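# A look at the structure
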Amino acid sequence: MKINKTLQVNAPASKVWEVLYTNYGDACHWASTVNESKEREVAGSDYIGRTCSTVFGDVSEIIDNADVEKMELQYHLDDTPFIMKAATAKWKVKPKSINTSEVTMDLDVTLATVPGLLMGWMIKPKMRKDIYQTLEDLKFYIETGKQSDVKIKSDAKYFKKKGKKAA
């Protein structure tokens, strides 16, 4: 399953890049699909990884490549929830003007065989909707400095289930 989405953000490209790459381990601060996240070291790699508790299950990611000059980032999941076999995400940030940028996310997900066959009709639309919402969360966070209402509700539900207070 491939998802490609581009949106305009009313902020300098450097600010978008800071959230996506410089603060890579902090996706839980803005993404409604990520309730907890933390940066981690990756042995034998020039790049870092992160672990995330997401609406799809716990995932572990490793950055494959980051081009700071071009503001391009690619990472893959090295530990996936049972519904996924593999996933790779590519992000690009392009300045459009001094205070406007364009963010593109290309996501390529391979569902695990059994869940894909049995529940693919249900998983794919939800995943697409959640990824589109994640981009809207990013835009809102960058433009306002606040979490979206969807993010706040997602965290409240997640942490209530875990018996913890939202961060």
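Read on for a plain summary of the structure. The shown structure was predicted, so the numbers you read here are calculated from the model rather than taken from an experiment.

### Examining helix α3 (residues 149-162)
With 14 residues, α3 should reach 20 Å at 1.5 Å per residue; the first-to-last C-alpha distance of 20 Å fits that figure. If you follow the buried residues of α3, they end up packed against β2 (34-40) and β3 (49-54). Just beyond α3, the residue with positive phi is G163, at close to 75°.

### Re empty space enclosed by the protein
Counted according to the given criterion, the structure contains two cavities of 30 Å³ or more. Roughly 310 Å³ of volume is contained in the largest cavity. Lining of the largest cavity is provided by 23 residues; of these, T33, E61, Y75, M105 and I131 occupy positions nearest its centre. Elements with a minimum of two residues in the lining of the largest cavity: β3, β4 (57-67), β5 (72-79), β6 (84-97), β7 (100-111) and α2 (113-144). By residue number, the principal contributor to the lining of the largest cavity is β6, which donates four residues. Residue classes in the lining of the largest cavity are distributed as 18 nonpolar, three polar and two charged.

### Brief notes about unusual backbone geometry
Phi at M71 takes a positive value of approximately 55°, unusual for a residue other than glycine. Positionally, M71 belongs in the loop between β4 and β5. M71 gets classed as buried once you look at its relative accessible area, which sits at 14%.

### Remarks on the pattern of salt bridges
Within this structure, the stated rule accounts for seven salt bridges. We note a salt bridge from K96 to E102, for which the minimum N-O separation is 4.0 Å. Under the relative-accessibility criterion, K96 is labelled exposed at 51%. Between E143 and K139 there is a salt bridge, with the nearest N and O atoms lying 2.8 Å from each other. With E143 and K139 both in helix α2 and four residues apart, the pair spans about one turn of that helix.

### Remarks on the state of the cysteines
Following the criterion strictly, the structure yields zero disulfides and no others. With no disulfide of its own, C28 lies 7.9 Å from the sulfur of C52, the closest cysteine sulfur. By relative accessible area, C28 is classed as buried at 14%. Looking at C52, the relative accessible area reads 5%, which means it is buried.

### Describing helix α1 (residues 13-22)
Every α-helix winds through 3.6 residues per turn, so residues three or four apart in the chain are directed the same way. Listed in full, the buried residues belonging to α1 are A13, V16, W17, V19 and L20. The arc that holds the buried residues of α1, viewed along the axis, is 165°, so those residues lie on one side. Counted as exposed and oriented over 90 degrees from the buried face of α1: S14 and T22.

### Concerning the side chain of S101
Note on placement: S101 falls in strand β7. Judged by relative accessible area, which is 0%, S101 ranks as buried. Only 2.9 Å separates the side chain of S101 from the backbone oxygen of A11, close enough to count as a polar contact. Setting aside anything within four residues of it in sequence, one finds S101 in contact with L7, Q8, V9, A11, P12, A13, V16, V93, K94, P95 and K96.

### Overview of the environment of S32
With respect to the element layout, S32 can be found in the loop between α1 and β2. Assessed through its relative accessible area of 5%, S32 is described here as buried. Considered as a pair, S32 and I131 are 99 residues apart in the sequence and their alpha carbons are 9.3 Å apart. A distance of 2.4 Å separates a polar atom in the side chain of S32 from a polar atom in the side chain of D137.

Calculation criteria
- Residues numbered from 1 in each chain as written.
- Predicted model: local features only at pLDDT ≥ 70, side-chain atom pairs only at ≥ 80, totals over all residues.
- Heavy atoms only, no water.
- Helix = DSSP H or I, 4+ residues; strand = E, 2+ residues; numbered from the N terminus.
- Expected span 1.5 Å × (residues − 1).
- Contact = heavy atoms within 4.5 Å.
- 1 Å grid on protein atoms, 1.4 Å probe; cavity = no way out; pocket = protein on both sides within 12 Å on 5 of 7 lines; lining within 4 Å.
- Points joined across faces, edges and corners; volume = space filled by probe spheres on them.
- Nonpolar A, V, L, I, M, F, W, Y, C, P; charged D, E, K, R; others polar.
- Buried < 20%, exposed > 50% of the residue type's maximum accessible area, 1.4 Å probe, protein only.
- Salt bridge = Lys/Arg side-chain N within 4 Å of Asp/Glu carboxyl O.
- Disulfide = S-S within 2.5 Å.
- Arc of directions from axis to C-beta.
- Polar contact = N/O pair within 3.5 Å; in protein donor to acceptor, adjacent residues only side chain to side chain.

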